[in-house]
Amino acid sequence: MKATKFLKFLVITIFVFLIIIFSVVSYNIDYKMYDLKADQNLYSQNLWEINTDSLSEKLLSMMTLEEKIDQMYGEKMYKSIPKFFGNFILKQKFPHIYAGRNKRLNIPPWVLSDGPRGARVLNKNISSVTTFPVAMARAASWNTLLEYKVHDVISKEMRANKTNYAATPCINLLRHPGWGRAQETYGEDPWLLGEFGIAAVKGIEKNNVMACPKHFALNSIENSRWVIDVSINERALREVYLPHFKKVIQKGKPASIMSAYNKVRGKYSGSNHELLTKILRNDWGFKGFVSTDWMYGIYDGIEAINAGLNVEMPWQDEYSYNIIKKGINDNHINLNQIDSLVLTTLKTRLKFAYSYDSIKYDEKLILNASHIDLARTVAEESMVLIKNEDILPFEISKNIKVGVIGDLANLENTGDMGSSNSSSPYVITPFQGIKNLFDNINTDVFLDDGNNLDETIKLAKKLDQIILVVGYTYEDEGEYVMSRGQMLKSAEAKELVGIKGIGGDRESLKLNKKDEKLIKAISKVNKNIVVVYVGGSAINMNNWIDDVPAVLFSWYSGMEGGNALASIIYGLVNPSGKLPFTIAKNDSDYPYFNPYTDKINYGYYHGYTLFEKFNKKIAYPFGYGLSYSSFKIDNFRLSEDNTDKNIIKFKVDIKNISKVYGKEVVQLYVGFENSQIDRPLKLLRDFKKVSLNPGEEKTLLFKIEKNDLSYYNEIEKKWMTENIKYNFYVGNSSENNSLIKYKEGIDI
Ligand code: BGC
């Protein structure tokens, strides 16, 4: 007995000792940074003049089976586990995981960096990068050019951090606002998601970084992501949950795509032949490579190979030599399949490793002034003014008392701390932003966390302007990590079994009790108040919205967020953000959502299509947001040059009829008159963001491809366009009263 105890003690001690040694070593392993570009010295011609397709074929022919398999996973477990332990757990630094390096054949590796709001993997000399507002905020800007610029910066900083594969953009659909990772995506609408996804991919690949849209597919619940099985009919799949993936693949042409953790119709996404081969490659013509989501991405290597999955991340597990060799010996897979998967990866990634770089990606690029300016501009353009009873903008006056109140008032709060986290050198909090604005003005700016309600009320009574900051942090929503076993148990029990982790799905859409209490109490004693909401998705405001004159959604607004907030509240910048989702009046009207479940059905309707079709009350519509200017949208007409049979062109005039410079988002929707099938009342099909000086008028051109009016015919298994009348609407929100209808339906 004593001997067994001693043995146990010895094993544990050795284990701990080894982990410490490995961790120390791993810190250095990560510091050894490999070149990601091919070695120019080996060639007589310029790298970018080399035909990488033929080179890939040649390299493949020179590889042993082991070497081929080495192209099919991130790293060996014994290398990457200590790296994670040493860097990530002990130093909160995400390591460089090098995939596919082959020293013998001089093939450089590729390295992933997450990056939904800024590069995540840093190098030994760099401890921070430019941190932008979260993707949901950027979607609220409805400005795809900005999204392109954001990704140009993110990918430049990735290159300077010696990484060349961006695990972004996330283009999963926001089906329910409670989804924990809502902040990482672009909202509820497939059209908006697609347009933003394309902009992101193009911005990333401009700097020869491979883009990897994720998570393919149907990953819209967090707490049970490793165990949930999503059932869906073909129309909902093709028309609602996949069109943005298709568009991003076909128009953005990303190098890669990341499979999701969840099952789709009974099969894990990473080994789902229908998703990875039938739809992605055969139907859409995807030419890049598929990598798994990290850990728990696949459970059966042979099935994944047969499904068309190229690379297992982050380490070799199911794609082990033994499993693959046995699969070949047992005739469950053949060598051609391995060759084809490896060749696809090589052809795709060597293009990047042999590409021409027009700039030098050195460390000086990181956090340069133009990057920081962009972070501020994006934050400004993304904020959505939800309610304003003539109170905003606040006046910048001398000798007044301004209060910035709430737990979040002075908190550095840039969102999720999971894979979308990004380290910035500083974060301007709401309080600091307001303080900066009043820097040289003799005005008192008070900070109060609201923890002592009596004191806060006393202060509120004497304030001239109140900015009350409410909402969430990474503890309330975000990526959720618990053991798979616990996820499974919770899913089976339909409630959390065990200890609540950080982040995850929101089980209530309301603000926390303290925030609601503060809003009620302060608004009773002082009506010069704006409630600023920080978060990643819709909230339920029913309990308090009528008590306050102004509400602004500021989201997780990045490193420059506080400065942007001050500019908006004090009118230095005119708000121009629009909601990328619908806010329901009653929470029960959103689609069924349960964070703890192992089975769910995703229906055809969600978001505005659901609220409109079933006549459900909404609090605020998709595409809605106020401005300090007023605009007149008028003269909606067919364009004179409608010569292309496959495209319908419309024009519309917009005039700024106020005295304030501003920006407006004009949205075009299409409706289906007398359709013989079940269709939404209308769908977004184009949008334009335009800036206008006071009195200025502009004409906007909208183009709608006829293919974009089609529906997926489940019986014929193809997209079809009905010969019916199509109605077209334009306006500055999806709400019917704010839309102008083109005078008559158009026959197609
Ligand atoms: C997330 C991915 C992420 C990956 C690597 C996973 O847990 O779901 O979005 O890219 O980790 O950090």
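Each chain carries its own residue numbering, running from 1 in the written order of its sequence. Note on the predicted model: pLDDT of at least 70 is required for a residue's local features to be given, and 80 or more for side-chain atom pairs to be given and counted; whole-chain, interface and lining totals, by contrast, use all residues. As a convention, hydrogens and water are excluded, and side-chain values are obtained from all of the structure's heavy atoms.

Trainee: What should I look at first to understand the overall build of the protein in this one?
Mentor: Summing up its helical and strand segments, the protein has 20 helices and 30 strands in all. For the radius of gyration, the atom set is restricted to C-alpha positions; the globular benchmark scales as 2.2 Å times the number of residues to the power 0.38. Compactness check: the protein gives a C-alpha radius of gyration of 27 Å against a globular reference of 27 Å for 748 residues, within 12% of the reference. With the C-alpha coordinates aligned to their principal axes, the bounding extent of the protein is approximately 75 × 70 × 60 Å. Counting every position in the protein, which comprises 748 residues, the buried fraction comes to 61%. Looking at the protein alone, contacts between residues at least 24 apart form 78% of all its contacts between residues at least 6 apart. Only DSSP runs of H or I reaching four residues or more are called helices, and only runs of E reaching two or more are called strands; each is numbered from the N terminus. Each residue's exposure class comes from its accessible area (1.4 Å probe, protein chains only) as a fraction of the maximum for that residue type: buried when under 20%, exposed when over 50%, partly exposed otherwise. Throughout, a contact is declared for two residues whenever any of their heavy atoms are within 4.5 Å.

Trainee: I'm lost on the sheet that holds strand β21 (residues 631–638) in this one. Help?
Mentor: Strands in a sheet are paired, the pairing made by backbone hydrogen bonds, and the direction either parallel or antiparallel. Spatial strand order, β21-β22-β25: three strands in an open sheet with antiparallel pairing. Strands at the two margins of the open sheet, each flanked by one partner only, are β21 and β25 (697–705). Strand-to-strand twist of the sheet, defined as the mean angle between neighbouring strand axes without regard to direction, takes the value 25°. Taken together, the nine bridges between strand β22 (residues 647–656) and β25 define a ladder with antiparallel strand orientation. Counterpart to I654 in the pairing with β25 is K698. Pairing between strands is defined by DSSP: at least two bridges between the two strands are required. Note on definitions: angles span 0 to 180 degrees between N-to-C directions of axes, and those axes are lines fitted to C-alpha atoms, for helices only across the stretch in contact.

Trainee: Explain unusual backbone geometry to me, please; I cannot follow it from the model alone.
Mentor: For residues that are not glycine, phi is negative in most cases, and the peptide bond is trans in most cases. Following K214, the chain continues to H215 via a peptide bond in cis, the omega torsion being -10°. Along the chain, H215 falls in the loop between β5 (210–211) and β6 (229–232). Between M313 and P314 the backbone carries a cis peptide bond, its omega angle lying at -5°. Note that P314 resides in strand β11 (residues 312–315). A positive phi is found at K162, a non-glycine position, where the angle reads about 65°. Checked against the element boundaries, K162 lands in the loop between α6 (144–160) and β4 (165–167). Positive phi, close to 65°, is recorded for M295, a residue that is not glycine. Along the chain, M295 falls in the loop between β10 (289–291) and α11 (301–307). What makes M295 partly exposed here is its relative accessible area of 32%.

Trainee: I would appreciate a short explanation of the pattern of salt bridges in the present structure.
Mentor: A side chain with one charge may pair with a side chain of the opposite charge, provided their charged atoms come close. Every case where a carboxyl oxygen of Asp or Glu lies within 4 Å of a side-chain nitrogen of Lys or Arg is listed as a salt bridge. Overall, the coordinates contain 47 salt bridges when judged by the stated rule. The partner of R679 in a salt bridge is E722, with the nearest N and O atoms 3.3 Å apart. Pair noted here: R679 is in the loop between β23 (662–673) and β24 (683–692) and E722 is in the loop between β27 (718–720) and β28 (725–731), with a separation of 43 residues, a long-range link. E722 shares its class with R679; the two are buried.

Trainee: For this particular structure, what's the right way to read the nonpolar core?
Mentor: The tendency in soluble globular proteins is for nonpolar side chains to be buried as a group. Remark: nonpolar core denotes a set of buried residues (Ala, Val, Leu, Ile, Met, Phe, Trp, Tyr, Cys) joined through side-chain atoms within 4.5 Å. Membership of the largest hydrophobic core comes to 203 residues, with the highest contact counts inside it found for I467, F553 and F728. Looking at this core, the element that brings in the most residues is helix α7 (residues 190–205), giving eight residues. Contact partners of F553, with chain neighbours within four places excluded, come to M383, V384, I386, Y533, S537, I539, M541, L579, F581 and I583. One finds A99, V311, M487 and A491 within the second-largest nonpolar core, a separate group that totals 27 residues.

Trainee: Would you take a moment to explain the site of the ligand for this structure?
Mentor: The local shell around the ligand holds 14 residues, among which D114, R181, H215, D293 and E479 are the closest. Under this definition, polar contacts are N or O atom pairs within 3.5 Å; protein pairs additionally need one hydrogen-donor-capable and one acceptor-capable atom, and for neighbouring residues in sequence, both atoms have to be side-chain atoms. Contact distances for the ligand include 3.3 Å between an oxygen atom and a side-chain N or O atom of R120. K214 is positioned with one of its side-chain polar atoms (N or O) 2.9 Å from an oxygen atom of the ligand. Relative to its unbound accessible surface of 310 Å², the ligand loses 94% to contact with the protein. Only a single heavy atom is needed: when it lies within 4 Å of a molecule or strand, its residue is near that molecule or strand. Each accessible area value is a Shrake-Rupley result obtained with a 1.4 Å probe; residue values ignore everything except the protein chains displayed when judging cover.

Trainee: Looking at this model, I keep getting lost on the environment of V404. Mind explaining?
Mentor: Position of V404 relative to the elements: it lies in strand β13 (residues 401–405). With a relative accessible area of 0%, V404 lands in the buried category. In the structure, V404 is positioned 147 residues away from I257 in sequence and 43 Å away in space, judged by C-alpha atoms.

Trainee: Is there a simple way to explain helix α4 (residues 77–91) in this structure?
Mentor: Note that an α-helix has 3.6 residues per turn; residues three or four places apart therefore point the same way. Given a rise of 1.5 Å per residue, 15 residues ought to cover 21 Å, and the 20 Å separating the end C-alpha atoms of α4 matches this to within 8%. Bending is quantified residue by residue as the angle between axes fitted to the seven-residue window ending at that residue and the seven-residue window starting at it. Of all the bends in α4, the largest measures some 25° and sits at F84. Q92, located one to two residues past α4, shows a positive phi value of around 50°. Here the expected span of a helix is defined as 1.5 Å times the quantity of residues minus one.

Trainee: How do you make sense of helix α13 (residues 335–353) when you look at a structure like this?
Mentor: With 19 residues, α13 extends 26 Å from end C-alpha to end C-alpha; this agrees with the ideal 27 Å at 1.5 Å per step. One side-chain oxygen at the N-terminal end of α13 lies 3.1 Å from the backbone nitrogen of N336; it belongs to N334.

Trainee: Looking at this model, I keep getting lost on the sheet that holds strand β3 (residues 110–114). Mind explaining?
Mentor: Pairing in this open sheet of four strands is mixed, and the strands run β2-β3-β4-β5 from one edge to the other. Lying at the two open borders of the sheet, with one neighbouring strand each, are β2 (98–99) and β5. With three bridges connecting them, β3 and β4 associate as parallel partners. Within β4, the position partnered with S113 by the bridge is A166.

Trainee: How do you make sense of the domain arrangement of the protein when you look at a structure like this?
Mentor: Many structure descriptions define interface size as the accessible area lost when the parts assemble. Partitioning the protein into domains gives domain 1 (1–30), domain 2 (33–362), domain 3 (384–476 + 512–576) and domain 4 (631–747). An automatic or database domain assignment provides the domain bounds reported here. Taking only C-alpha atoms into account, the centre of domain 1 sits 34 Å from that of domain 2.

Trainee: Would you mind showing me how to read a positive patch on the surface here?
Mentor: A patch consists of residues whose relative accessible area exceeds 30% and which take part in no salt bridge; residues with like charges are grouped when within 9 Å of each other, and nonpolar side chains (Val, Leu, Ile, Met, Phe, Trp, Tyr) when within 5 Å. When charges are counted, neither His nor the chain ends are considered; positive counts come from Lys and Arg and negative counts from Asp and Glu. Each charge is placed at NZ for Lys, CZ for Arg, CG for Asp and CD for Glu. The grouping of K32, K79, R101 and K103 at the surface amounts to a positive patch. Here K103 is to be found in the loop between β2 and β3.

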